[in-house]
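Summary of structural features
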Amino acid sequence: MRIDISQKVILPLLGAACVLVVWSIVSVTVAPDLPSPGRTWRESQRYVLEPFFKDGEMNQGIGRLAFYSLVRVGKGFALALAIGTPIGFLLGLSRRFHQSFDPIVQFMRPISPLAWLPLGLVIFQKSEPAAIFTIALCAMWPTVINTAVGVRSISPDYLNVGRVLKLSRVKTLTRIVIPATLPYVFTGYRLSLGLAWLVIVAAEMLTGTPGVGGFLWQEYNSLVYSHIILSVITIGAIGFVLDRLMGLVEARVRID
Amino acid sequence: MAYLEVRGLRKSYGTRSGLTAVLGGVDLTLEEGEFVAVVGYSGSGKTTLVSLIAGLIAPDRGEILLEGVPVTGPGPERGIVFQQYSLLPWLSVRGNVALAVDAVNPGLPASERRRITDEFIALVNLTPAAWKRPRQLSGGMRQRVAVARALAMRPKLLLMDEPFSAVDALTRATLQDELLRIWGERRSTVMLITNDVDEAILLADRIYPMTPGPDAVLGPAIEVGLPRPRQRRHMSLEPAYQKARQALVEFLRAARTAR
Ligand SMILES: Nc1ncnc2c1ncn2[C@@H]1O[C@H](COP(=O)(O)OP(=O)(O)OP(=O)(O)O)[C@@H](O)[C@H]1O
Ligand SMILES: [Mg+2]
């Protein structure tokens, strides 16, 4: 029990303290423009302590900004799953489909969000759908690939059970293929959510929409550097929490 | 014509290192209600033979006739207990058995199918564990579920591929006794694959020894003259037991040295 507390609480706090020390040293030595931890806190206090105030489009509490970003990520993520899951199953199930579309998947996967976003703006003419389009397009690949791998690694024993019972195609899919693949699918979902959150900052910076990323870019342009750090910490914290939450969901569907 | 006729069955697998001829012309017959065992060394091709009769793989040559009808693919009339646990881990004991019951009785009302499912779970003494997942069960319990699932298909022929080889000796004895009881009650037609000579003699009416591969074949069937119902105790002292055992062991030993 003692060891548990020291390992789970004290050591991570020690790590965080080290980072604060390094940050302080860097801010007084090599980078005088970088606000120190104390100054960052003083200038960010209101955004954290009153997270839902709203003084203007871009001057809002960090809770409100995070909420905008989360809604946007939620939409993009949902779209990524809605498109990525069926594509993943098709890639895993059909050799023909795999031969036709796997090269395209491998080709599109490494394309950066920075490249998709302008294209989204050209297609949709508005920043909001362009941002969601970019998030979906960048975030869906882990779902696609994990689902396809999951389908391909189903034990032939399970499929043989279905063959002996002469299950119909639909029944084989719903009773055997989908349940056997589910753990892989949810690993894909967790990775996709991480990517979606990674993309949101870039999308908001480029489109200037209100949200944590948009706020970060605006404060950089207004030379309020402490708010950049506030945004960075917020992005990290939310990303961490999202990953943990998806991890819990993933653990629930894990069967063995 | 016999209930099950297997004639001149040949099967090779193509691998990267060339072609391995596993079965080199297997002949076998099984009468309705008969319990036949096939005994052979590990790797001789027993699972291959079962997969062929189940229709999961196709032979290179030869034919398999069940009630005179050629086997062309898998089907629930040839229920199978796989060598590895092949229970679906996301389904409970009930779910696994119900999958088979629902698949072979699509016309029955749900309540009736539920009753049949319960009946087969009770048959293998798993009613208290009916809602457990396979991973919560011991190895012996899992094999019971696999037996219940295969029986629930109400197969004309029950294929069992080393069903008890993965469990400890004590559990194995219990499962064998249970299988004896169930077979005594229902008189299904069974083909049991095993590498355990004593298991074969305890359970079977006739035993086919299998030569080690490549090109494995079955030796002449050995009749087990033991009366039924059989009791495990004192059986090893009976002359019929010793006769069958000697014939089997001798054939297997000679087949191995002939390689
Ligand atoms: N799908 C396959 N592809 C290639 N070779 C195979 C395949 N399945 C089995 N074999 C080979 O065929 C031979 C017989 O295998 P099989 O599984 O039928 O033996 P077995 O008698 O069931 O063995 P065991 O008692 O260990 O279960 C082995 O040499 C094995 O390596
Ligand atoms: Mg085998």
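Before any of the text, the structure's been laid out above.
Residues numbered from 1 in each chain as written. Chains lettered and ligands numbered in written order. Predicted model: local features only at pLDDT ≥ 70, side-chain atom pairs only at ≥ 80, totals over all residues. Heavy atoms only, no water.

**Observations concerning the overall build of chain B**
Filter applied, for reference: Secondary structure elements follow DSSP: runs of H or I of four or more residues count as helices, runs of E of two or more count as strands, with numbering from the N terminus. Atoms counted for the radius of gyration: C-alpha only. Globule rule: 2.2 Å times the number of residues to the power 0.38. The Shrake-Rupley method, run with a 1.4 Å probe, gives the accessible areas here. Residue values count only the displayed protein chains as cover.
Broken down by element type, chain B carries seven helices and ten strands. Here the C-alpha radius of gyration of chain B, 18 Å, is about what a compact globule of 259 residues would show, namely 18 Å. When the backbone C-alpha atoms are referred to their principal axes, chain B occupies close to 55 × 45 × 35 Å. Total accessible area on chain B stands at roughly 11400 Å², and carbon and sulfur atoms take up 52% of it.

**Topic: the site of ligand 1**
Residues and elements named next belong to chain B. Put simply, the test is: The rule for a residue being near a molecule or strand is that one of its heavy atoms must lie within 4 Å of it. Each polar contact in these results corresponds to two N or O atoms within 3.5 Å; when the atoms are within protein, one needs to be able to donate a hydrogen and the other to accept it, and residues that are neighboring in sequence are counted only if both atoms are side-chain atoms.
By nearness alone, 13 residues border ligand 1, and S42, K46, T47, T48 and E162 come closest of all. G43 is positioned with one of its backbone polar atoms (N or O) 2.8 Å from an oxygen atom of ligand 1. A distance of 2.8 Å is found between an oxygen atom of ligand 1 and a side-chain nitrogen or oxygen belonging to K46. Protein chains shield 61% of the accessible area of ligand 1, which is 630 Å² for the free molecule.

**Some remarks on the environment of A:S153**
Residue and element names in this part refer to chain A. This is how it is decided: Only protein chains enter the accessibility calculation, which uses a 1.4 Å probe; a residue whose area is less than 20% of its type maximum is buried, one above 50% is exposed, and one in between is partly exposed.
You can see S153 is positioned in the loop between α6 (127-152) and α7 (156-164). Since its relative accessible area comes to 38%, S153 is described here as partly exposed. In sequence terms S153 and R95 are 58 residues apart; their C-alpha atoms lie 14 Å from each other. Separated by 3.3 Å, the side chains of S153 and Y184 make a polar contact.

**Looking at the sheet that holds strand β8 (residues 189-194) of chain B**
Residues and elements named next belong to chain B. Using the following cut-off: Only strands that DSSP links by at least two bridges are regarded as paired with each other.
The sheet built from six strands is open, its strands ordered β6-β7-β8-β3-β9-β10 with mixed pairing. The open sheet is flanked by β6 (78-81) and β10 (222-223), the only strands paired with a single partner. Across four bridges, the pairing between strand β3 (residues 35-39) and strand β9 (residues 206-209) is parallel. The partner of V38 across the bridge, within β9, is Y208.

**Observations concerning the coordination of the magnesium ion (ligand 2)**
Residue and element names in this part refer to chain B. As a reminder of what qualifies: Coordination shells were defined by N, O and S atoms within 2.8 Å of each metal, extended to 3.2 Å for Na, K and Ca; water is absent from the atom set, which can make sites look incomplete.
For the magnesium ion (ligand 2), the full set of protein donor atoms is T47 (OG1) and Q83 (OE1), at a range of 1.8 to 2.2 Å. Placement of T47 in helix α1 (residues 46-54) and of Q83 in the loop between β6 and α2 (93-104) is noted, with a sequence separation of 36 residues between them. Using a relative accessible area of 33% as the deciding quantity, one classes T47 as partly exposed.

**Comments concerning the pattern of salt bridges**
Residue and element names in this part refer to chain B. Our working definition: By definition here, a salt bridge exists when the distance from a side-chain nitrogen of Lys or Arg to a carboxyl oxygen of Asp or Glu is within 4 Å.
The tally for this structure, following the rule as stated, stands at 26 salt bridges over all chains. In this structure, D177 and R232 form a salt bridge, with 3.0 Å as the shortest nitrogen-oxygen distance. Within this pair, whereas D177 is found in helix α5 (residues 169-186), its partner R232 is found in the loop between β10 and α7 (239-257), the two being separated by 55 residues in sequence. With a relative accessible area of 33%, R232 lands in the partly exposed category. It is possible to trace a salt-bridge network through shared partners that takes in E112, R115, E119 and R186.

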